[in-house]
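Coordinates in review
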Amino acid sequence: MPAKSAAQQKAAGAALSAKRGETPKSKLKGASKSMLESMTETQLEEFARTPRKGKPEHVTKH
């Protein structure tokens, strides 16, 4: 499932970096912290790899 917004894509990229040990987990906040705990590396890669072009910065919740 691709990211629906640029913010979601960025959060997935930060969580993926922490999961791989490239960034300290203590630097994560909010969505990226919960993504780290709840998603696999493969899922994070899929979200982070989503092209940002044409994506809104944020998507409102319904």
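Scroll up for the structure.
These lines cover the structure that appears in this document, whether it is placed above or below. Here the structure is a predicted model, which means the values were calculated and not measured. (Residues numbered from 1 in each chain as written. Predicted model: local features only at pLDDT ≥ 70, side-chain atom pairs only at ≥ 80, totals over all residues. Heavy atoms only, no water.)

Topic: the overall build of the protein chain
Assigned secondary structure in the protein chain consists of three helices and zero strands. Reading the secondary structure of the protein chain in the N-to-C direction produces α-α-α. The C-alpha atoms of the protein chain give 11 Å as radius of gyration, which agrees with the globular expectation for 62 residues (11 Å, within 12%). Seen through its principal axes, the protein chain has C-alpha atoms that stretch 30 × 20 × 15 Å. Taken over 62 residues, the protein chain has a buried fraction of 31%. Surface summary for the protein chain: the accessible area is close to 4500 Å², and the carbon and sulfur share equals 53%. Within the protein chain, one finds 13 positive and 6 negative side-chain charges whose respective centroids are separated by 6 Å. (Helix = DSSP H or I, 4+ residues; strand = E, 2+ residues; numbered from the N terminus. Rg over C-alpha atoms; globule rule 2.2 N^0.38 Å. Buried < 20%, exposed > 50% of the residue type's maximum accessible area, 1.4 Å probe, protein only. Areas by Shrake-Rupley, 256 points an atom, 1.4 Å probe, with all protein chains shown as cover. Lys, Arg positive; Asp, Glu negative; His and termini not counted. Charge placed at Lys NZ, Arg CZ, Asp CG, Glu CD.)

As for the nonpolar core
By size, the foremost hydrophobic cluster in this structure holds 13 residues, and its most contacted members are Ala-12, Ala-15, Met-35, Leu-36, Met-39, Leu-44 and Phe-47. Breaking this core down by element, the ones donating at least two residues are α1 (6–19), α2 (30–38) and α3 (41–48). Per-element tally for this core: the top contributor is α1, with five residues. Sequence-distant contacts of Met-39, defined by excluding residues within four places in its chain, comprise Lys-19, Leu-44 and Phe-47. (Core = buried A, V, L, I, M, F, W, Y, C linked by side-chain atoms within 4.5 Å. Contact = heavy atoms within 4.5 Å.)

Focus: the packing of α1 against α2
A pair of packed helices can be characterised by two numbers: the angle between their axes and the separation between those axes. The geometry of α1 relative to α2 is characterised by a closest axis approach of 8 Å and an angle of 50 degrees between their N-to-C directions. Between α1 and α2, the crossing angle belongs to the class labelled oblique. The way α1 lies across α2 gives a crossing that is right-handed. Between α1, through Gln-8, Ala-11, Ala-12, Ala-14, Ala-15, Ala-18 and Lys-19, and α2, the contact on the second element is made entirely by Ala-31, Ser-32, Met-35 and Leu-36. In terms of residue class, the contact of α1 with α2 is built from eight nonpolar, two polar and one charged. (Axes fitted to C-alpha atoms, helices over the stretch in contact; angles between N-to-C directions. Parallel < 35°, antiparallel > 145°, perpendicular 65-115°, else oblique. Left-handed = near helix turned anticlockwise from the far one by under 90°. Nonpolar A, V, L, I, M, F, W, Y, C, P; charged D, E, K, R; others polar.)

These figures come from the coordinates and say nothing about function on their own.
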